[in-house]
Amino acid sequence: MQLSHALDIINIHAPSRIDSLHDLLPADLISQALAQTDTVTFRKRKLPLESMVWLLIGMAIYNDKSMATIVNTMDIVNSDGKPFVAPSAVIQRRQSLGEDAVRLLFEKTQSYWHQQANHPVFCGLTLLGVDGVVWRLPDTPENNQTYSRQITTGKPSEYPQVRMVCQMELSSHLITASAFDDYNVNEMKLAEQLIDNTPDHSLTLFDKGFYSLGLLHRWHSSGTERHWLIPLKKGTQYEVVRRVGKKQAIVRLSSNPRARKLWPDLPEQLEVRLITRNVKGKETQVLTSMTDVLKYPVDDVAELYTHRWEIELGFREQKQYMLGNRLTLRSKLPQMVRQELWGILLTYNLVRYQMLKMSQHLQGEYYPCELSFTGMLAQIFRLLIGLPYTNSPGAVPRQLNTIYEMAEVLILPGRRERSCPRVVKRRPKRYPEKCQSVS
C-alpha cells in the first residue's frame, strides 16, 4: 500500500479521537508547503514529493540505515516487495523537493502544533529558550566550498561545520524557530533572525554568550511584552538607579557608539532589573527586562533561569538519541544539508508533539519534558516499521491510542542533584611518565 494512499484511507475511516496519520504530520500542511514553493508535480509519479517529506523523517529516525533501506521501510515498494525506483532516483527527487518546501513545512507544523498545545505560562508569559549548536558535515568539495571549518591551535578541523541557533518552548521542547549558516557566522547574528518569529507575551532565556544590548533591546521592543532573562556577564558596568530590597535593583546600562551604529534603534542607556540569588553558597546575578517588581516576584524570577538547561537537553535528544550519536550528517551537497537539517527539526517536533499529547492524556499532571524521549522515539519507530503491514484502515489509529495509554510507563524519575562538583581535569600527556624504581 502506498503511504499517501494509506493516509487518505485512514483519514476517512479512522475514529474521531485520532483521525489518522495526519495526527503525526498533517497532510494538508505538506500540500500547502509544496504549493507555496512551486514544487507540486502535475503528473503521477512512482516517487511523489509527499513521500520525500516522509523520507526526510525516515533519515532522522533510521539514522543507521541506507537510503534504499529507508525507501523500502517507509512503504515505497510494490506488491512484490521490490523498490519502485532506483536508489539514484531518490537523490533526484530530493533535489526536486528542495530546501524551501521543507522549511515552510516546518514553520507551518510548528505553528499548528503550538496552537494545539496548552503551554504553561509564567505570569502570563510563555517560557522560551535560545541557544546554539554545531553540526558536522561530510568532507566533500561542495561542502568545503560553502562551509568553513573550526580552527583549533592553528589547525582546521577534519570536517566542515554548520552553526545553528534554535528557539524552544521549554516545557514541551517544541522548536519554535531556527536559523543556521556557516560556522564562522556569530550566534548573535543568527539569533537576530529569530526576533520576528518570537511570540508576544513571552520570556526568552539566553546564555551569557548572547549578551548584546542591541540584540536584547530589539528583542524586547519588537512586540508586546517580549521579555528576556540573561546572566550578568563578568565585568559588565552598570549604575544602580534604585534598590528594591536586598535581592534586586533597577540598574542603568550604557551602550557604546559602535553598538549604536550596528543597532540604530538602540538608545544610549537602558534601565533593566538586576536580581541576585545564592546557589549553594555562590552568588549569581541575572539581568531581565521584567522591571515590574510587583507583577514579577523576585524569588520566582530568580529560579527561572534553571529552566534554560532544557534547550541543552533538547540538542542532546536530537544529536545523541534521535540520530544515534551519528556525528556527521548524510548530505554531500550544501542545499541538501539545509534540507536535511530542516527535516531533523521537523522530525524532532513531530516526536515532541506526540509527547505533548501523551502528557495531556495524563490529565496535566506531568509536563512533556518529564516523559522519556527515547521511549517515545521507540514507539514512533515501531509504528513506522509496522506501516507496510497495516492493511486495516483503523490499525494505525489503534496503535496511536495504545501509545498514549502507555504514558505512565514513560514517566521519568526526578532528576538527581549533581553528585560531583565541576573541576578542571588534568591535561592528558602525550607520553607516559617514567616510573622511578625505589632502591
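Here the structure is a predicted model, which means the values were calculated and not measured.

**Student:** Give me the pairing of strand E12 (residues 282–288): which residues, what numbers.
**Tutor:** Regular strands have side chains that alternate between both faces of the sheet. With three bridges connecting them, strand E8 (residues 226–231) and E12 associate as antiparallel partners. Pairing of Pro231 across the sheet is with Val286, part of E12. As judged from the seven bridges shared by strand E11 (residues 269–279) and E12, these two strands associate in the antiparallel manner. If you follow Thr276 over to E12, its bridge partner there is Gln285. Following E11, the chain reverses through two residues before pairing antiparallel with E12; Lys280 in that reversal takes a positive phi of roughly 55°.

**Student:** Kindly report on the environment of Asp292, identifying the contributing residues and their values.
**Tutor:** Within the secondary structure, Asp292 sits in the loop between E12 and helix H11 (298–304). What makes Asp292 partly exposed here is its relative accessible area of 37%. Note: C-alpha distance between Asp292 and Ile250 (42 residues apart in sequence) is 9.8 Å. Among the polar contacts made by the side chain of Asp292, one reaches the main-chain amide nitrogen of Leu294 at a distance of 3.1 Å. Of the polar contacts made by the side chain of Asp292, one reaches the backbone nitrogen of Lys295; its length is 3.2 Å.

**Student:** Which residues make up the nonpolar core, and what values go with them?
**Tutor:** Core analysis: the largest hydrophobic core is formed by 75 residues, its most contacted members being Trp135, Met164, Leu203, Leu229, Leu341, Ile344 and Met358. Top contributing element to this core by residue count: helix H13 (residues 334–361), with 13 residues. Leave out the neighbours within four places in its chain, and Met358 touches Leu371, Met376, Ile403, Tyr404, Ala407 and Leu410. Membership of the second largest hydrophobic core comes to 28 residues, among which are Trp219, Trp228, Ala249 and Leu266.

**Student:** Describe the side chain of His114, and please don't skip the residues or the numbers.
**Tutor:** Structurally, His114 can be placed in helix H6 (residues 100–116). Judged by its relative accessible area of 17%, His114 falls in the buried class. A distance of 2.9 Å separates polar atoms of two side chains, one belonging to His114 and the other to His119. The residues contacting His114, other than those within four sequence positions of it, are His119, Glu169, Leu174, Ile175 and Thr176.

**Student:** Please set out the pattern of salt bridges residue by residue, giving values where relevant.
**Tutor:** This model, assessed by the stated rule, comprises 17 salt bridges. As a salt-bridge pair, Arg149 and Asp139 come within 2.7 Å of each other at their nearest N and O atoms. With Arg149 in the loop between helix H7 (141–146) and strand E3 (151–152) and Asp139 in the loop between strand E2 (125–136) and H7, this pair connects stretches of sequence that are 10 residues apart. Residue Glu303 is joined to Arg277 by a salt bridge in which the shortest nitrogen-to-oxygen separation is 3.6 Å. Of this pair, Glu303 sits in helix H11 while Arg277 is found in strand E11, placing the two residues 26 residues apart along the sequence.

**Student:** With reference to specific residues and values, describe unusual backbone geometry.
**Tutor:** Of note, Cys123 is a non-glycine position whose phi angle comes to about 50°, a positive value. Positive phi, normally seen in glycine, also occurs at His201, with a value near 55°. Here His201 is to be found in the loop between helix H8 (187–192) and strand E7 (202–206).

**Student:** Please provide a residue-by-residue account of the packing of aromatic side chains, values included.
**Tutor:** According to the stated counting rule, one finds seven aromatic pairs in the structure shown. Considering the side-chain rings of Phe106 and Trp342, the 5.3 Å spacing of their centres and the 40° angle between planes classify their relative orientation as tilted. One end of the pair, Phe106, is in helix H6; the other, Trp342, is in helix H13, with 236 residues separating them in the sequence. An identical accessibility class is assigned to Phe106 and Trp342; each is buried. Centroid distance Trp113 to Tyr353: 5.3 Å. Interplanar angle 15°. Geometry classified as stacked. Of the two residues, Trp113 is situated in helix H6 and Tyr353 in helix H13; the sequence distance between them amounts to 240 residues. What links up through ring pairs into an aromatic cluster is the set Phe106, Phe180 and Trp342.

Basis of the calculations
Residues numbered from 1 in each chain as written. Predicted model: local features only at pLDDT ≥ 70, side-chain atom pairs only at ≥ 80, totals over all residues. Heavy atoms only, no water. Pairing = 2+ DSSP bridges. Helix = DSSP H or I, 4+ residues; strand = E, 2+ residues; numbered from the N terminus. Buried < 20%, exposed > 50% of the residue type's maximum accessible area, 1.4 Å probe, protein only. Polar contact = N/O pair within 3.5 Å; in protein donor to acceptor, adjacent residues only side chain to side chain. Core = buried A, V, L, I, M, F, W, Y, C linked by side-chain atoms within 4.5 Å. Contact = heavy atoms within 4.5 Å. Salt bridge = Lys/Arg side-chain N within 4 Å of Asp/Glu carboxyl O. Phe/Tyr/Trp six-rings, centres within 6.5 Å; stacked < 30°, edge-to-face > 60°.

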